[in-house]
Amino acid sequence: MEDTAIEEAEVSGAAEFAPALIASHPHGNSVAVAIGPELRVFDLKSGSPVSLSDDCGGRSHADAIRAICFGVSGALFASAGDDKLVKVWKTDSWRCIRTITSEKRVSAVAISNDDLYVTFADKFGVVWLVTLGEDGAEQVSVDNKPVSILGHYCSIITSMKFSPDGRFIATADRDFKIRVTLFPKNPVKGAHEIQSFCLGHTDFVSCIAFTSMSENQSFLISGGGDSTVRLWDYINGCLLDTCQVRDKMGELLEQNETDDSSLAVADICPSNDGKLVAVAIQSFNGVMLLACDLVGKKLSFLKVITMEKSYIPTSLASSFSSEFLWTVMGASNMPNQASNQLLTRLRIIPRFQKDLISSDNGPLILEDSEVPHGEKLLLALQGSLDIAKQEEVLASVLSALKVSMHKMLVKKHYSEERREQRKRGRNDKKIKN
Amino acid sequence: MTRTNGVSGGGGGGQQQAPAAGKLPRKRFYRARAHSNPLSDSHFPVPVSPDEVDLSQHYPRYFPADKGGEGEEEAAPPPRIRFADVGCGFGGLLVGLSPLFPDTLMIGMELRDKVTEYVKERILALRASNPGQYDNISVVRTNSMKYIPNYFRKAQLTKMFFLFPDPHFKEKNHRRRVISMQLLDEYAYVMEVGGIIYTITDVEELGEWMRSCLEKHPLFEAIPEEEIKADPVVKLLSTATEESQKVARNGGQTFHAIFRRISLQEE
């Protein structure tokens, strides 16, 4: 019976699938991929894989990593996930300088622009803040425990970003909301002043990103389960424009492939010139590019870059200094997945800037041989160069990817008896003040 | 004590009789358990944003249908809701406030379906038997712990009421209390500077909790006792509602915490 199968999966603790993540150093120094509990980093300057050293209280992550990010200056990197640990790394030595324990699993992480604070969101929707040392030195002081600074009541925060000027912190949740809060000079006391709510999504918000054309003005872009990408004036909580990704996909895909729930926006990534937005869509084997007009405050469809049939990007990344759009596909926590099969596949789009991509010269996707540091990079970040083996693994990931995001972010509705049964198994820890 | 021969939680909707116009609904047919789980996502429509809230449904006299939805020629901006009673129960406070502020739009928010229906019927009956009155109050079924920003714009409300909220005694359930540091951020957002938040309870520990949260929160400051005594609304807190009348009958004590929404002092 289907119900018992689901029960077993939940009872055995097999969490939902965890997509592979990718992040790029803001100055293009390195690229990081997270797949399952593994963090793989490649140093682009020296052309060699990085070996992470983690001697501050524990192994690397013990369970799926759910969020990674670089700080805007590039000095720090953070990773966090299902093992309830947040790890902060220095990007010059790739040593872990801080390991923070969370009471609950972590769903999002961010580093403040001045590298002084790390914020992380747990599955209760609470955002916690930790103060780092001035020079990033190890701080094992007892009084530096995480403090809660804000919360989305009983919701799961899917994405958390600091505004480019550092004045605001934006958080998006599964209950269709985006909240923009003032990030005070002394955030340890909490971030209580809400600047605005950006309301308009009609389904979970999966990702947000700030984008700007000039120093003074920046905007917020978001993607969601309602298959839209939206542009916001986040200071006033105004929706400036909406791009209906579903409509575009309807034109491009076959009739039978467009199932509502499979067109959720999985990730978005603005280009460094502020004129493009790359969109990863849950069941689309490629990347959709939107033209972002920050003067006219409009988003419009530009083109799609289609990749091989079995490649669906799960995460996107770009940097300030290079014109690459990095994409990765992979997943962990799949049923029947052996732990040594943590493979990912990378594809890179080279000319990720409006003027460059509009002109017709050159390929839209880099061949493996053209990838910077070619095989070394791909081996380090993918886990294997064996195409056949990869195809096999990724094919199994593919079908799950198509349904999983929906399952992950849309609240499940249980029957009465299942609810009672779940309550019995629950273990609420006492909240210490 | 809930009466089991009345209408119980899930079904039994058939026992509700729409009262004759002007006749007040009878509570007997709208009984529901005092407690409702605010964490479960009940299926009721939620406006995507405050712009989608259809005020003409709630306050028809203020939004005559024949003017048309858009009304670009409108001289005055449309009136907005200014008072919100969070967890309004059977509507006692709204009914008491309506004549005190006849031109202010007020809304009650209640999670329980049956109770919301009761309040709707009550308001309709009062409007029918008192022409020209009670047009400024209404009720909506919603979970105010999750959806307050969906209903109200920034700095829209001038008063918010939290009368006899669920105490959630167990420490592990404290996070479900309707007044908490986290939720006060949202309440401060929808309130204008100078607006007043009124809370009252008969549970001493909860009273201390609410007062303490409000004291700690940087966007609220206590209102001095003399001002509280002079406020005509305060008397209603302990007399107008079902719950308060029950407390009075049993000779219980009430604990109030009344604070003003202030702007952040830059340090």
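Keep in mind it's a predicted model, so treat the numbers as computed, not measured. (Residues numbered from 1 in each chain as written. Chains lettered and ligands numbered in written order. Predicted model: local features only at pLDDT ≥ 70, side-chain atom pairs only at ≥ 80, totals over all residues. Heavy atoms only, no water.)

A.B. asks: Would you mind going over the confidence of the model for chain A in detail, with residue names and values included?
C.D. replies: For chain A, the average pLDDT comes to 84, and 85% of its residues sit at 70 or higher. Scored below 50 in pLDDT, residues 1-15 of chain A shows 12 contacts in the model against residues more than four places distant or in partner chains. (pLDDT = per-residue confidence, 0-100. Contact = heavy atoms within 4.5 Å.)

A.B. asks: I'd like a description of the state of the cysteines, backed by residues and values.
C.D. replies: Residue and element names in this part refer to chain A. Within the structure shown, the criterion is met by 0 disulfides over all chains. With no disulfide of its own, C269 lies 10 Å from the sulfur of C207, the closest cysteine sulfur. A relative accessible area of 6% places C269 in the buried class. (Disulfide = S-S within 2.5 Å. Buried < 20%, exposed > 50% of the residue type's maximum accessible area, 1.4 Å probe, protein only.)

A.B. asks: Please set out the sheet that holds strand 13 (residues 147-151) of chain A residue by residue, giving values where relevant.
C.D. replies: Residue and element names in this part refer to chain A. With respect to topology, 4 strands assemble into an open sheet ordered 10-11-12-13, the strand pairing being antiparallel. Two strands in the sheet have a free side with no partner beyond their single neighbour: strand 10 (106-111) and strand 13. The mean angle between the axes of side-by-side strands here comes to 25 degrees, regardless of whether they run parallel or antiparallel. In this sheet, strand 12 (residues 126-131) lies alongside strand 11 (residues 117-122) in antiparallel orientation, the contact comprising 5 bridges. Note on strand 12: the bridge partner recorded for A121 is V127. (Pairing = 2+ DSSP bridges. Helix = DSSP H or I, 4+ residues; strand = E, 2+ residues; numbered from the N terminus. Axes fitted to C-alpha atoms, helices over the stretch in contact; angles between N-to-C directions.)

A.B. asks: So what's going on with the UniProt feature "active site" (unreviewed entry) in chain B? Residues and values would help.
C.D. replies: All names here are of chain B. Sequence positions flagged by UniProt for "active site" (unreviewed entry) are, in local numbering, D166. Here D166 is to be found in the loop between strand 4 (157-163) and helix 5 (181-190). Owing to a relative accessible area of 32%, D166 belongs among the partly exposed residues under this scheme. A polar contact is formed between the side chain of D166 and the backbone nitrogen of H168, at a distance of 3.1 Å. (UniProt positions renumbered as here; feature names shortened; annotations may be inferred. Polar contact = N/O pair within 3.5 Å; in protein donor to acceptor, adjacent residues only side chain to side chain.)

A.B. asks: Which residues make up the nonpolar core, and what values do they have?
C.D. replies: All names here are of chain B. Among the nonpolar cores identified, the biggest contains 45 residues, and F152, M160, I179, Y187 and I197 are the most heavily contacted of them. In terms of residue count, the dominant contributor to this core is helix 5 (6 residues). By size, the runner-up hydrophobic cluster in this structure holds 31 residues, among which are C88, V139, I228 and V233. (Core = buried A, V, L, I, M, F, W, Y, C linked by side-chain atoms within 4.5 Å.)

A.B. asks: Quick rundown of the UniProt feature "repeat: WD" (unreviewed entry) in chain A? Include the residues and the values.
C.D. replies: As recorded in UniProt, the sites labelled "repeat: WD" (unreviewed entry) are residues 58-99 and 198-242 of chain A. Annotated as 0% helix and 62% strand, the span residues 198-242 of chain A places its first and last C-alpha atoms 13 Å apart.

A.B. asks: Describe in detail the pattern of salt bridges, supporting the description with residues and values.
C.D. replies: All names here are of chain B. One pass over the structure, following the stated rule, counts 16 salt bridges over all chains. For D51, the salt bridge identified is with R153, shortest N-O distance 2.9 Å. Placement of the pair is D51 in the segment before helix 1 (55-58) and R153 in the loop between helix 4 (144-151) and strand 4, with a sequence separation of 102 residues. We classify R153 as partly exposed; its relative accessible area is 27%. When the shortest N-O distance is used, the salt bridge between E205 and R177 registers 2.8 Å. A residue pair is termed long-range when its members are at least 10 positions apart, and E205 in helix 6 (residues 204-216) and R177 in the loop between strand 4 and helix 5 qualify at 28 residues. Since its relative accessible area comes to 35%, E205 is described here as partly exposed. With a relative accessible area of 1%, R177 lands in the buried category. (Salt bridge = Lys/Arg side-chain N within 4 Å of Asp/Glu carboxyl O.)

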